[in-house]
Structures are given as C-alpha cells and as structure tokens.
Amino acid sequence: MSDGLSGKGGLPAVTARRTDPMTAVGMPLDRSGPVAQTAARDHGSAEPRHAVIFHGTGAPPSVLWYRWLGDRLAARGYDVEVPHHPGINIEPVADMLPGVLAAHTFGPGTVLVGHSGGAALLLALLEKLERPVAQAVLVAGYCTRPNESEEPVLQESYDWSAIRAGVRDLVLVNSVTDPYGCDAAQGRAMFDRLGGTQVIRDDGHFETDTLEIVDRLIP
C-alpha cells in the first residue's frame, strides 16, 4: 500500500501543473509544496468548506476509501457528503445528471472528489455549474471509453471551456497500471484540454481502504 507521497516501490509521484496554455512543469508532490499551496490559496472563500465524494461504478459509499477520506476532511472542518448515486455509469448521464445537481449544493467553498465512473461524472457536472467550485479531484477519471465496456456516464462531446470555468483548482490523478484503462493516458487527454495538475501514480485503480495521496492534495 502506498504512503501517499511515493508511488509503488518507493517511486516518487509525478505531477505536471499547467501554468499557461503552453507549459507543463513536473514537480514532486508535497502537501507543503507549490501544488498544495496554490490549491489552498485558490480555495479561499467566505463560504463554509464543503466536500462531496462521488463513488465509482457499482461501488457504494461504504467501500474503498470514500468514507475514510470523508472522515479525514470532516476532521479538518469540512461539511462532507458521501452520497449513493446507484445510477452512475448505469443510466445515461443526461438522465441522471439533473438529479445529482438538485441533490447537492455547489459553490465557491465546495471540493468535489470522484473515483472512476464518479470522476467521469464530474466532467458533465462541472460543465453545468453556474459558479465555480474550489477544487475537483478526479481519481482514475476518463473522458473516452477506457475499454470495451459501455460507458453511459460519458458524453459524446464536452464543452471543455465550460468545464474549466466550473472549477478553480483541477487535479487529475491516474495510474500507469490501471487494469480498466482509466490510466495516465486518459489523465493526459483531460490535462491537455483542461490544464490543472496531473498526478501520475503506479497504484492500479486506486481500490484501497485509504488514499493518502488525495487527502494530501486537498487543503
């Protein structure tokens, strides 16, 4: 199991942060370092801190690291929701998205975390927001079909400018060893369109009980 700062086998996490449309700079990941400091600065808001953690396809909130992360954020003063949306990647995203938008409040103090199908859902969600959230962390996210399975959570096309306008600090966390194809290439495809910060790991599909890497990325 990873310690959250190094990849499997002690390899350092690799990050790329887009500082302008032409430049991406690699750097080690450190909660006190520039990535986390920028996120903390961008997170500043008069609104209460609020986090919503979206589970993956067929994975209820009680499994993996979802509630663990929720508890970690609650201890830092966040109002946390770990909802169950069983329609994620089961129903067409156009059918289920209105209910998701109505079920939660999204504002300048909101942090969104999505895993796998829940991360793909965040693309559609961010595209529809009327005001930007503080941060979105997409873990094992993807924007095109990662394998031969049907992916009703995906849209045929995206308004990438609208998605980027929907979040101040965007973080894309993917693995080079994801068995389902939600890998670093998928992360790069989103990074090239959206900028933000890409974190590349060697952690499969992030199917662990804890996920220190994400906890450390959220101020």
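Residues numbered from 1 in each chain as written. Predicted model: local features only at pLDDT ≥ 70, side-chain atom pairs only at ≥ 80, totals over all residues. Heavy atoms only, no water.

(A) Spatial organisation of the overall build of the protein chain. When helices and strands are tallied, the protein chain shows seven helices and eight strands. Here the protein chain, with 219 residues, has 53% of them falling under the buried criterion. Taking contacts inside the protein chain between residues at least 6 apart in sequence as the whole, the part at least 24 apart equals 74%. (Helix = DSSP H or I, 4+ residues; strand = E, 2+ residues; numbered from the N terminus. Buried < 20%, exposed > 50% of the residue type's maximum accessible area, 1.4 Å probe, protein only. Contact = heavy atoms within 4.5 Å.)

(B) Local environment of the packing of aromatic side chains. One pass over the full model with this rule turns up two aromatic pairs. Here Trp 65 and Tyr 66 contribute two aromatic rings whose centre-to-centre distance is 4.9 Å and whose plane-to-plane angle is 70 degrees, an arrangement assigned as edge-to-face. Relative to Trp 160, the ring of Tyr 158 has its centre 5.2 Å away and its plane inclined at 45 degrees; by these criteria the two rings are tilted. (Phe/Tyr/Trp six-rings, centres within 6.5 Å; stacked < 30°, edge-to-face > 60°.)

(C) Spotlight on the packing of helix α3 (residues 93–103) against helix α4 (residues 117–128). The interhelical angle for the contact between α3 and α4, taken along N-to-C directions, is 65 degrees, at an axis separation of 10 Å. Our pair here, α3 against α4, has a crossing hand that is right-handed. Side by side, α3 and α4 meet where Val 93, Leu 97, Val 100 and Leu 101 of the first sit next to Leu 121, Ala 124, Leu 125 and Lys 128 of the second. For the contact of α3 with α4, the per-class residue count stands at seven nonpolar, no polar and one charged. (Axes fitted to C-alpha atoms, helices over the stretch in contact; angles between N-to-C directions. Left-handed = near helix turned anticlockwise from the far one by under 90°. Nonpolar A, V, L, I, M, F, W, Y, C, P; charged D, E, K, R; others polar.)

(D) Just the environment of His 104, in detail. Relative to the elements of secondary structure, His 104 occurs in the loop between α3 and β5 (110–115). Linking His 104 and Glu 81, residues 23 residues apart in sequence, is a C-alpha distance of 8.8 Å. Side chain to side chain, His 104 and Glu 81 meet in a polar contact 2.8 Å long. A polar atom in the side chain of His 104 sits 2.9 Å from the side chain of His 85. (Polar contact = N/O pair within 3.5 Å; in protein donor to acceptor, adjacent residues only side chain to side chain.)

(E) How the structure looks around the confidence of the model for the protein chain. Looking at the protein chain, pLDDT values average 86 and 79% of them are 70 or higher. Low pLDDT, under 50, characterises residues 1–12; the stretch is placed with 23 contacts to residues that sit more than four places away or in other chains. (pLDDT = per-residue confidence, 0-100.)

(F) Broad picture of the nonpolar core. Residues Trp 65, Leu 112, Val 113, Leu 123, Leu 125, Leu 138 and Val 214 are the most contacted members of the largest nonpolar core, which totals 58 residues. Element by element, the count of residues in this core is highest for α4, at eight residues. Setting aside chain neighbours within four positions, we find Leu 112 in contact with Val 52, Phe 54, Phe 106, Leu 122, Leu 125, Leu 126, Val 133, Gln 135, Ala 136 and Val 137. (Core = buried A, V, L, I, M, F, W, Y, C linked by side-chain atoms within 4.5 Å.)

(G) How the structure looks around helix α6 (residues 184–194). Turning to α6, its buried residues are Ala 184, Gln 186, Gly 187, Met 190, Phe 191 and Leu 194. Summarising the axial view, the buried residues of α6 lie within an arc of 155 degrees, below the 170-degree limit, and thus occupy one face. A positive phi of about 70 degrees marks Gly 195, the residue just after α6. (Arc of directions from axis to C-beta.)

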